[in-house]
Amino acid sequence: TVAPTATAAAKAPEPTADEKKKAEDARQLAEDRQKMEASFEAEKTRLTPELRAKAKALAEAKYATLEAALGAVLQSKHRKPSSADRDKHRHPLETLKHFGLKPDMTVIEYGPGEGWYTEVVAPVLASKGKLLITMTDPNGPPDARSTFYGERTKRTLDLLPELYGKVERLVIDPKKLALGLDGKLDMVLAFRAMHGM
């Protein structure tokens, strides 16, 4: 008689749909972190001492009107190079004027995303007003998307303290929104965050 041959090792089971989604989410998060690192390295190089001094002067200036403030801010080189290209689609002057923003207001920006409006509103409010922003916990679990968003916001603000040093950060849990700011704000801004609500 012939002895039976050893059977091939059992084939690994196919990952479940949930496991595939988690793997894809982890891959995408790693890719986004890599892009973020490259972006911040480029910004560190771009933000020369001269540009930092101009950003500081911009934040310290006192503007009589929103138009004067935004005229200076929208021309400033503190903004990321790609930001000005989006002005023609987002119409920041017209939008913020329509909302009634004034340089002496206390404003909260909910869900600032990559900070496109933050880089416009922060210098407008820096000398006479106040800007608060919400952000998720940058020290949360490293595999959580919300931690990535919190890190990105923190690093954006930390990168240019000359301009963003007065911005107040409110770490929130998006599932439990209770800010305790009733009656303390002149305006609430929520732009792209509306997509996730």
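Structure: above.
Novice: Residues and numbers for empty space enclosed by the protein, please.
Specialist: What the rule picks out here adds up to two cavities of 30 Å³ or more. Here the largest cavity is characterised by a volume of approximately 110 Å³. In terms of lining residues, the largest cavity is bounded by 13 residues, among which Glu43, Lys80, Glu119, Thr156 and Tyr164 are the most central. Contributions of two or more residues to the lining of the largest cavity are made by helix H1 (17-46) and helix H7 (145-159). Here the lining of the largest cavity gets three residues from one element, more than from any other, and that element is H1. Looking at the second largest cavity, its volume works out to about 50 Å³. Lining the second largest cavity, in full, are Pro112, Gly113, Glu114, Gly115, Thr118, Ile133, Thr153, Thr156 and Leu157.

Novice: Give me the layout of surface pockets: which residues, what numbers.
Specialist: The calculated volume of the largest pocket comes to roughly 1,200 Å³. Residue lining of the largest pocket: 42 residues in total, with Pro112, Gly113, Glu114, Tyr149 and Arg152 positioned closest to the centre. The residue inventory of the lining of the largest pocket, partitioned by class, reads 16 nonpolar, 14 polar and 12 charged.

Novice: Could you give an account of the packing of aromatic side chains, with specific residues and numbers?
Specialist: Counted under the stated rule, the structure contains four aromatic pairs. Look at Tyr117 and Phe191: their rings are 3.7 Å apart centre to centre, the planes differ by 5°, and that puts the pair in the stacked class. Residue Tyr117 is found in the loop between strand S1 (106-110) and helix H6 (118-125), and its partner Phe191 is found in the segment after strand S4 (187-190); the two are separated by 74 residues along the sequence. Between the aromatic rings of Phe148 and Tyr149, the centroid separation amounts to 5.7 Å while the plane-to-plane angle is 55°, which identifies the pairing as tilted. The class of Tyr149 is partly exposed, set by a relative accessible area of 37%. In this structure an aromatic cluster arises from ring pairing among Phe99, Trp116, Tyr117 and Phe191. The ring centre of Trp116 lies 4.7 Å from the NZ or CZ of Arg90, which sits over that ring.

About the thresholds
- Residues numbered from 1 in each chain as written.
- Predicted model: local features only at pLDDT ≥ 70, side-chain atom pairs only at ≥ 80, totals over all residues.
- Heavy atoms only, no water.
- 1 Å grid on protein atoms, 1.4 Å probe; cavity = no way out; pocket = protein on both sides within 12 Å on 5 of 7 lines; lining within 4 Å.
- Points joined across faces, edges and corners; volume = space filled by probe spheres on them.
- Helix = DSSP H or I, 4+ residues; strand = E, 2+ residues; numbered from the N terminus.
- Nonpolar A, V, L, I, M, F, W, Y, C, P; charged D, E, K, R; others polar.
- Phe/Tyr/Trp six-rings, centres within 6.5 Å; stacked < 30°, edge-to-face > 60°.
- Buried < 20%, exposed > 50% of the residue type's maximum accessible area, 1.4 Å probe, protein only.
- Lys NZ or Arg CZ within 6 Å of the ring centre and 35° of its normal.

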